[in-house]
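Inside the fold
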Amino acid sequence: MRVDVRALGACNRLAERGAKQAAGALSDLTGTDLAVEVTGASVASGEDLAESFAGRESIGVSVGLRGGLDGEAVLAFDAANVDALLSLLPGGQSMERSAVTEVGNIALGGFLDGWANYLGKAIDMSPPRYFEADGAAVLPDGALAGDGVFLFESRLDATTTDLDFSIYMLPDSGPFRDLIVGKTAPAATAGGEADGGTASTAVPYESLSTFSSLAKKGSANAADNIAMMTGLETTVDVSRLRFVPLADVPAEVGTEPHAGTVFELQGEPSGYLAILFEESSAAAVADAMLPMEPDEPLGDMAQNALCELGNVMTSGFIDGWANVLGTSITHSPPEFVHDIGASTISPLVAKLSERQDYGFVIDTAIQTEGIQARCDVYALPDERELARALDRLSGP
Amino acid sequence: MTRSLSDDRPDGPADRTESDGDAVADAEPAAVTGGAVPDDPGRIKVGVGELAVTSDDAVLTTSGLGSCVAVALVDQRTGVRGLLHAMLPAGEGRTTAVSRPAKYVDTGVDSLIGALDDAGADPRRLEARVAGGAEMLDLTDAVGPRNVERVGEVLDNAGVPVVASDVGDAVGRTVRFGPDGRLVVRAADGFERAI
């Protein structure tokens, strides 16, 4: 079975619209303005999903779907964020169950309107069922059994108060995959850019799963290399392959000052890789690498140290890809960046956007023990080249 | 319950196979931004590749400008203002410029002027303030300066004078466009000035 990445883009757009409707409904309900910051589709195996939900507690609602879309849809809030949400709702804490059920029902309803509209068929929703779940128990039945599901995730952010949370949408994987292939793939052809066409962007579903695992290995390599160079113990917190509108990537990095390194990748796939630390993390990591405390926190010495670290991490990251994809990928020398996070990544996004609107983003959070430091790695491969390489991967 | 069909048709490439034939023209309404809450009287966030217009006291903001460019237009007499956050210089002739005109400087400025016109501004009275277009990286062949250059050309063609700008260098910027028609530009180091 082949999935067209442009079709995935169309679905992502739908999910984004659904999330906006959900945000609008929640804004009305809570009297607090909410905006959708990022919507992405994760491509993950059941095993990877189980891992990424491990240790999380969620509450939310699930509904069964019939008609235009079959399966089960789940909307979950991180349990940690529920108090903040409830405090905004009429009835507040005392109404927890019914308030969450109502919010979930409204948000899912808005979300599904978009799909029904697109499919040209009504979608029947069973009454919402409230749940509290540990870890991967939040996922719809069957999500963990198959070779993969699409997880739509939208982050909603209150514009005036300090509240943000995520909505997860997990269409039942089998019927949803049929939908992507059956309905959106030919539709995407009509909208393809003249210079590309969709033949070059259709990839076997299985290789997306493979690439997702690959992203995880790359992250582990990069983390090991940090440990080797700094002597600090490292762990990979999150590593996921997501499909997102490129224009959303800067917002995801955020407006806090960041420092780090960026690289251009050449080969198949080409693209960019950015390793970004929050300012204090960058200084702490550079400090750990240097024999003596530098004169200024992010001066020349620290910059050299971070460039050297970036080099080693990037090699670790892309070596894994090249091995599995059977291609050769090289990287440019590091370029040091230190600015508003979103600003540092915007030129990379702009360059990629000349050829594509959506992109695969591999985001990885690496945490160091001992000192408080965390970095995010954004790998932004060229969509067509990645699709070609993945296609070869599944080979005859 | 049943989720039924509504008038809010999704856009994007998928629409073009719909049989009713009206789907191609449904680009985003120009006066509404993707990430924004349009009826928020306080602050309207304009995301990357988006634009927004207001005729009341709302403050239009956009953050994390690197190589991207912000174009702020105002008709001082009516107070109608608009802000564009464009990513690339030229969209003319591209398929995506139809569905996302604000991604590009040329199609974005055209859309912004059109939206201001619709909101009651007189295009002949508009004045422009421009910020961003930094040269953040050596890796990415001067996309910032090319954006700034294109803004100049497009505004010139439209007959809109640029009254102030804060562009170029290698610095990220965040901007606020308030009801006084001034554009407040804050650089990554916290330095702020109104232009």
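Keep in mind the model is a prediction, meaning the values are calculated, not measured. (Residues numbered from 1 in each chain as written. Chains lettered and ligands numbered in written order. Predicted model: local features only at pLDDT ≥ 70, side-chain atom pairs only at ≥ 80, totals over all residues. Heavy atoms only, no water.)

With respect to the overall build of chain A
Condition: Each helix is a run of DSSP H or I of at least 4 residues and each strand a run of E of at least 2, with the numbering of both proceeding from the N terminus. Classification of residues uses two cut-offs on accessible area relative to the type maximum, computed with a 1.4 Å probe and protein chains only: under 20% is buried, over 50% is exposed, and between them is partly exposed. Residue contacts are defined here by distance: any two heavy atoms, one from each residue, within 4.5 Å place the two residues in contact. Shrake-Rupley sampling with a 1.4 Å probe provides the accessible areas, and residues are treated as covered by the protein chains on show and by no other component.
Scanning chain A for helices and strands turns up 11 helices and 16 strands. For chain A, buried positions account for 64% of its 396 residues. Taking the intrachain contacts of chain A between residues at least 6 apart in sequence as the baseline, contacts between residues at least 24 apart amount to 77%. Total accessible area on chain A stands at roughly 13700 Å², and carbon and sulfur atoms take up 48% of it.

Section: the overall build of chain B
A count of helical and extended segments in chain B gives 3 helices and 11 strands. Moving toward the C terminus, one meets the helices and strands of chain B in the order β-β-β-β-β-β-α-α-β-α-β-β-β-β. Of all 195 residues assigned to chain B, the portion counted as buried reaches 54%. At a minimum sequence separation of 6, the contacts of chain B that also span at least 24 residues come to 59%. Carbon and sulfur atoms make up 48% of the accessible area of chain B, which totals about 8000 Å².

Observations regarding the nonpolar core
Filter applied, for reference: The definition of a nonpolar core used throughout is a set of buried Ala, Val, Leu, Ile, Met, Phe, Trp, Tyr and Cys residues joined through side-chain atoms within 4.5 Å.
Within the largest apolar cluster, 45 residues are counted, with the highest numbers of intra-cluster contacts made by Leu348 of chain A together with Leu83, Val175 and Leu183 of chain B. For this core, the secondary structure elements donating two or more residues are α7 (249-253), β12 (271-278), α10 (341-353) and β16 (373-381) of chain A together with β4 (59-65), β5 (69-75), β9 (173-177) and β10 (183-187) of chain B. Per-element tally for this core: the top contributor is α10 of chain A, with 5 residues. Beyond its immediate sequence surroundings of up to four residues, Val175 of chain B is in contact with Leu60, Thr61, Thr62, Leu65, Ala70, Leu83, Ala131, Leu183, Val184 and Val185 of chain B. Grouped together as the second largest cluster of nonpolar side chains are 44 residues, Leu214, Phe243, Leu306 and Phe317 of chain A included.

What about the sheet that holds β5 of chain B?
What links the strands of a sheet is backbone hydrogen bonding, and the strands pair in either a parallel or an antiparallel sense. All names here are of chain B. The line we're drawing: Whether two strands pair depends on DSSP finding at least two bridges between them. Only the stretch in contact is used when fitting a helix axis, every axis being a line fitted to C-alpha atoms; angles between N-to-C directions are given from 0 to 180 degrees.
The sheet built from 5 strands is open, its strands ordered β3-β6-β5-β7-β8 with mixed pairing. Among the strands making up the open sheet, the edge pair consists of β3 (50-54) and β8 (162-167). Each strand of the sheet is rotated relative to its neighbour by a mean of 10 degrees, with strand direction disregarded. As paired strands, strand β7 (residues 126-132) and β8 are joined by 5 bridges and run parallel to one another. Across the sheet, the residue bridging to Val130 is Ser165, located in β8. Across the sheet, helix α2 (residues 105-118) lies against β3, β5, β6 (80-86) and β7, angled at about 165 degrees from β6, the strand it touches most.

Brief notes about the confidence of the model for chain B
Regions with low pLDDT carry predicted coordinates that are not meant to be interpreted in detail. As a reminder, the rule being used: A residue's pLDDT is the predictor's confidence in that residue, given on a scale from 0 to 100.
Taken over all residues, the pLDDT of chain B has a mean of 79, while the share at 70 or more is 76%. Confidence over residues 1-40 of chain B falls short of pLDDT 50; this stretch has 91 contacts with residues more than four positions distant or in other chains.

A short note on α10 of chain A
Since the α-helix turns once every 3.6 residues, residues separated by three or four places project in the same direction. Residue and element names in this part refer to chain A. Heads up, the rule is: Given a helix with a known number of residues, its expected span is that number minus one, times 1.5 Å. Here the bend at a residue is taken as the angle between two axes, fitted respectively to the seven residues that end there and the seven that start there.
Counted at 1.5 Å a residue, the expected span for α10 with its 13 residues is 18 Å, and the 18 Å between its end C-alpha atoms agrees. Along α10, the helix axis deviates most sharply at Pro347, where the bend reaches about 30 degrees. The buried fraction of α10 amounts to 13 of the 13 residues, a majority that puts the element mostly inside the structure.

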